[in-house]
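# Breakdown of the fold
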Amino acid sequence: MTDVVPVHQTELEHERGYVAGLYERLDELRAEKEHQLARVRKEGPQGSVQNVSERDAFATLYEDRLAQLYAVDDRLVFGRLDLDGGDERYIGRIGLTDEDQVRLMVDWRAPEAGAFYQATAHQRLGVRRRRHLMLRGRTVVDLEDDVLDATLLDDSSVHHGAGALLAAVTARRTGQMGDIVATIQAEQDAIIRSPLKGVLVVQGGPGTGKTAVALHRAAYLLYTHRDRLKTAGVLLVGPSQSFMRYIDRVLPSLGETGVVMSSLGRLMPGIKAVPETDRRIAKIKGRLFMADVVANAVANRQRLPAGPRKVDVAGTVLTIRPKQVRRARDRARATGKPHNEARATFVKIMVRELADQLKDKLEKSSGAGNNIDRSYLTEDVRTSRDVRIALNLCWMPLTPEKLLTDLFSKPEHLEMAAPFLKAKQRRRLLRAAEDPWTEADVPLLDEAAELLGEWDASAGRAQADQKAARKRDLANAEATLTNVHSMLEDFGVDGVVSAEDLVDANQAGDQYVSAAERAATDRTWTYGHVVVDESQELSPMQWRLLMRRCPLKSFTIVGDIAQASSAADVTSWAEALEPFVQDRWRLEELTVNYRTPARITRMAATVAQAAGLPVSTPQAVREGDWEPTVTRVGTAEREAALLAGVAEDLERIDGGLLAVIAPVSLEREVAEMLRATYADRVGSGGGGLGQDIVATTPGEAKGLEFDAVVLLEPEQIVREAGGVVGDLYVAMTRSTQTLRVLTTGELPAGLR
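Parameters and conventions
- Residues numbered from 1 in each chain as written.
- Predicted model: local features only at pLDDT ≥ 70, side-chain atom pairs only at ≥ 80, totals over all residues.
- Heavy atoms only, no water.
- Helix = DSSP H or I, 4+ residues; strand = E, 2+ residues; numbered from the N terminus.
- Buried < 20%, exposed > 50% of the residue type's maximum accessible area, 1.4 Å probe, protein only.
- Contact = heavy atoms within 4.5 Å.
- Areas by Shrake-Rupley, 256 points an atom, 1.4 Å probe, with all protein chains shown as cover.
- Salt bridge = Lys/Arg side-chain N within 4 Å of Asp/Glu carboxyl O.
- Axes fitted to C-alpha atoms, helices over the stretch in contact; angles between N-to-C directions.
- Parallel < 35°, antiparallel > 145°, perpendicular 65-115°, else oblique.
- Left-handed = near helix turned anticlockwise from the far one by under 90°.
- Nonpolar A, V, L, I, M, F, W, Y, C, P; charged D, E, K, R; others polar.
- Core = buried A, V, L, I, M, F, W, Y, C linked by side-chain atoms within 4.5 Å.
- Polar contact = N/O pair within 3.5 Å; in protein donor to acceptor, adjacent residues only side chain to side chain.
- Pairing = 2+ DSSP bridges.
- pLDDT = per-residue confidence, 0-100.
- UniProt positions renumbered as here; feature names shortened; annotations may be inferred.
- Patch = residues over 30% accessible without salt bridge, like charges linked within 9 Å, V, L, I, M, F, W, Y side chains within 5 Å.
- Lys, Arg positive; Asp, Glu negative; His and termini not counted.
- Charge placed at Lys NZ, Arg CZ, Asp CG, Glu CD.
- Phe/Tyr/Trp six-rings, centres within 6.5 Å; stacked < 30°, edge-to-face > 60°.
- Lys NZ or Arg CZ within 6 Å of the ring centre and 35° of its normal.

If you check an unreviewed UniProt entry, the chain appears there as AAA family ATPase from Citricoccus nitrophenolicus.

With that out of the way, let us pick up the overall build of the chain. Along the chain, the regular secondary structure elements total 30 helices and 24 strands. Counting all 752 residues of the chain, 51% fall into the buried class. Contacts in the chain between residues far apart in sequence, at least 24 positions, make up 73% of those at least 6 positions apart. Carbon and sulfur atoms make up 49% of the accessible area of the chain, which totals about 33500 Å².

We now examine the pattern of salt bridges. Any two side chains of opposite charge can pair, given that their charged atoms come close. For the structure on display, the rule yields 51 salt bridges. Salt-bridge contacts for D74 lead to R75; the nearest nitrogen and oxygen are separated by 3.7 Å. Assessed through its relative accessible area of 47%, D74 is described here as partly exposed. Among the residues examined, R75 registers a relative accessible area of 28% and is labelled partly exposed. With a closest N to O distance of 3.0 Å, R549 and D446 form a salt bridge. One end of the pair, R549, is in helix α23 (residues 540-549); the other, D446, is in helix α19 (residues 442-452), and 103 residues separate them in sequence. Linked by salt bridges that have partners in common, E11, E15, R80, D82, E88, R129, R131 and D145 make up one network.

Moving on, we come to the packing of helix α11 (residues 289-299) against α19. Running from N to C, α11 and α19 cross one another at 45°; their axes reach a closest spacing of 10 Å. Looking at the two axes, α11 sits oblique to α19. Here the hand of the crossing between α11 and α19 comes out right-handed. The residues of α19 that touch α11, namely those facing M290, A291, V294, A295 and V298, are L444, E447, A448, L451 and L452. Class assignment for the residues of the contact of α11 with α19 results in 9 nonpolar, no polar and 1 charged.

So, on to unusual backbone geometry. Positive phi, close to 65°, is recorded for Q101, a residue that is not glycine. Looking at where Q101 falls in the secondary structure, it is placed in the loop between β4 (96-97) and β5 (103-107). By relative accessible area, Q101 is classed as exposed at 59%.

If you look at the biggest cluster of nonpolar residues, it comprises 74 residues, and the most contacted ones within it are W108, L711 and M732. Every residue in contact with L711, bar those within four places of it in the chain, is listed here: I661, I717, L728, A731, M732, L739, R740, V741 and L742. Within the second largest apolar cluster, 56 residues are counted, among which are A291, M541, F580 and V581.

Below, the discussion takes up the environment of Y90. Locating Y90 in the fold gives a position in strand β3 (residues 88-92). Look at Y90 and you get buried, because its relative accessible area is 3%. Sequence separation between Y90 and R103 is 13 residues; the distance between their C-alpha atoms is 9.3 Å. Among residues more than four places away in sequence, those in contact with Y90 are H14, E15, Y18, V77, G79, R80, L104, M105, V106 and L133. Engagement of the side chain of Y90 in a polar contact is seen with the side chain of E15, the distance being 2.7 Å.

Another point: the sheet that holds strand β23 (residues 706-712). With parallel pairing, 6 strands are arranged side by side in an open sheet as β19-β24-β23-β20-β22-β21. One side of each edge strand has no neighbouring strand; the edge strands of this open sheet are β19 (629-632) and β21 (682-684). Each strand axis lies, on average, 20° off the axis of its neighbour in the sheet, ignoring direction. Note that β23 and strand β24 (residues 735-743) share 6 bridges and pair parallel. Note on β24: the bridge partner recorded for V709 is L739. Strands in contact with helix α25 (residues 598-610) are β19 and β24; relative to β24, the strand with the most contacts, it is inclined by about 45°.

Strand order in the open sheet formed by 6 strands is β11-β10-β14-β15-β9-β16, with parallel pairing between adjacent strands. The outermost strands of the open sheet, each flanked by one partner alone, are β11 (259-263) and β16 (585-590). Put simply, the sheet's adjacent strands are angled 15° from each other on average, direction ignored. Here strand β9 (residues 199-204) runs beside strand β15 (residues 555-559); their pairing, made up of 5 bridges, is parallel. Bridge pairing in β15 places Q203 opposite G559. Against the sheet, α23 touches β10 (234-238), β14 (529-532) and β15, its axis set at about 150° to β15.

Further remarks concern the confidence of the model for the chain. Put simply, the chain has an average pLDDT of 85, and 83% of its residues get 70 or more. This stretch, residues 486-496, has a pLDDT under 50; its non-local contacts, to residues over four places away or in other chains, come to 18 contacts.

Bringing the UniProt feature "binding site: ATP" (unreviewed entry) in the chain into the picture now. In this structure's numbering, the residues bearing the UniProt feature "binding site: ATP" (unreviewed entry) are G204, G205, P206, G207, T208, G209, K210 and T211. Looking at the secondary structure, you find T208 in the loop between β9 and α6 (210-224). We classify T208 as buried; its relative accessible area is 0%. In this structure, T208 is in contact with Q188, L590, V592, N593, Y594 and P618, ignoring residues within four places of it in sequence.

In terms of burial, β23 is a largely internal element, 7 of the 7 residues being buried. Bridge count between strand β20 (residues 658-661) and β23: 4 bridges; the pairing is parallel. Each residue of the ladder has a partner; that of V660, found in β23, is V710.

On the surface, K310, R321, K361 and K364 cluster together into a positively charged patch. With respect to the secondary-structure elements, K364 resides in helix α13 (residues 339-366). With relative accessibility at 71%, the residue K364 sits in the exposed group.

Now for the packing of aromatic side chains. Taken as a whole and assessed by the stated rule, the structure comprises 5 aromatic pairs. On the numbers, 5.2 Å between centres and 85° between planes, the contact of F116 with Y117 is edge-to-face. The same class applies to F116 and to Y117, which are both buried. Each member of the aromatic cluster is reached from another via a ring pair, and the members are F78, F116 and Y117. Looking at K285, its charged tip hangs above the ring of F408, at a distance of 4.7 Å from the centre.

Running from amino to carboxyl end, α19 crosses α23 at an angle of 50°, the nearest separation of the two axes being 8 Å. Of the possible angle classes, the one that applies to α19 and α23 is oblique. Here the hand of the crossing between α19 and α23 comes out left-handed. Each of V442, P443, L444, D446, E447 and E450 in α19 lies in contact with α23, whose residues at this interface are M541, Q542, R544, L545, R548 and R549.

Written out as structure tokens, the structure is:
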């Protein structure tokens, strides 16, 4: 609670005038960039190919700037600082200056804006008053002042609550996550602005703003460390595609579009993995010993023949002996190259030895002293069908997909690669070759790709050639830009562009490709920083994959151990991270629940604690208007009770978003039941967040939030999770207003 100066109409009119000026400047910049873009395009495809590419590069960069200027229109400015000495400093989504470079507004990420989030009456940081501006469209509709300097108080002052924050946390949900840039709290801001280096773990219970903090931290790091991260990029990983759709508008609204965003199931380019439905299988595939299984599977495809093998080369029979194959295999392995690349060495050695054997036979058959040129023999051996088949049987080139398909569909392959697994575990891993890839397979595919290397052995050389060419292009671009900038200035166009931008723009058919776009399609890309949300769900193999994506070990790891419900099976951050970073990580905690009312958090915490989860109850900023309810009904009455509860809750939240969270086995039935009454107002799964009513599961609901939640069959949810209450705890804490629990059977401890 802070002392607040009453809102006076004169102050409101003053702010409306200033904010109107900011929007006028924003429109001027848009018009300016559109004019510059038009001038560059007007030149048309004239001049050399290089000149055309350069113009295309500048055009695309102006397009990107325009996209940023349009993305920040909503709530462009949200705060003002009144400082000691009389200066005023407006805080907004981006920085703005006038034509004379006089600052009109400070980017929220700039060091000068930090006081907006951090200043208190005890530590003013030079701030006398903090003003929150509430906008609707482009108009200031209200404002609220936090007076930090007591000398500004007068007789008309009133004691006022955190109106801006409460307005934000009680606002109706839309199915898309909103940013919290206007209401970031001090403990959140300290985490957002933490140093880039090292591994930062952010632990927080439901509703503490973990995801919002993670997104704002990504935007802050890109702003503060632009030079380092622009080229390498930032990867943001979430638990599901529905979660990624839920958050996908936040970063653009903060002025950032250069972050690669991916669910765990999409981290392998070209693979669209589905969730692993059997937690027992996910648990096995998630253990670190699976790296040894994949390595064994690769080694087992480098085989020795059982005995001598005859091959025909242009009518001459040659013999491939196991000892000969072993020697070539050992020399190929000694190169240390991945399987497919080392295969080139193996084939080269075998072809040479077979060519020598062929030469000896031909010379013996043609008589001594015959010195005919035999250089063509090597090609004869290489193109022999018999030889190709024999060498492929010894050392077959493989894709990750082929390796794992054989591993999990052929019992003999799995037994050879994983002899240390119990027979029951191996049977559990077996599946049909045509089955889809699951999220638990993605780290194994990545592991296989690392061990196999490129299918085409020349790809590695091509990649090296590309890097060398890029280095040459950068040197040429530096020289070119000197002339190009002068030319553009003559057109009245600003020519601020780097050599890196220009080279990128000239790639891929003269189309600009950002670092983020290149990274998203390159499995071997290494990022400057990785942000992981809902990270308590990650298995050791998934952590191994992510650590490979960022060798510098620069991570922001966000999660809540108490919500763990997957194959990760960990009870502490130390247990999860020690195999990869030892003790080189630091922990920050979020302690305030901004989303879930206290009435609901108390019930959820009771359920988690009754199951032995190490859960604390974050302090909620509000008590809530409705007590959560638990109702047991007969099976025949469940549909009627569900529909009645949905109708009552829709009236309560008056246009908000309602979720019916059900066990996986009931999701489809529940969705059909709701559609029979509410028709096209109902969506299902993570893709239904644009509707008024969503039928979903605890797994799909992870990380999301709704105004009201109707929770079906909690005991069945626990059973489907293998007896772990993490999914139930997640489902109970998704609501911002009201929670209703319906069951036809038993109730978990804490709800009885």
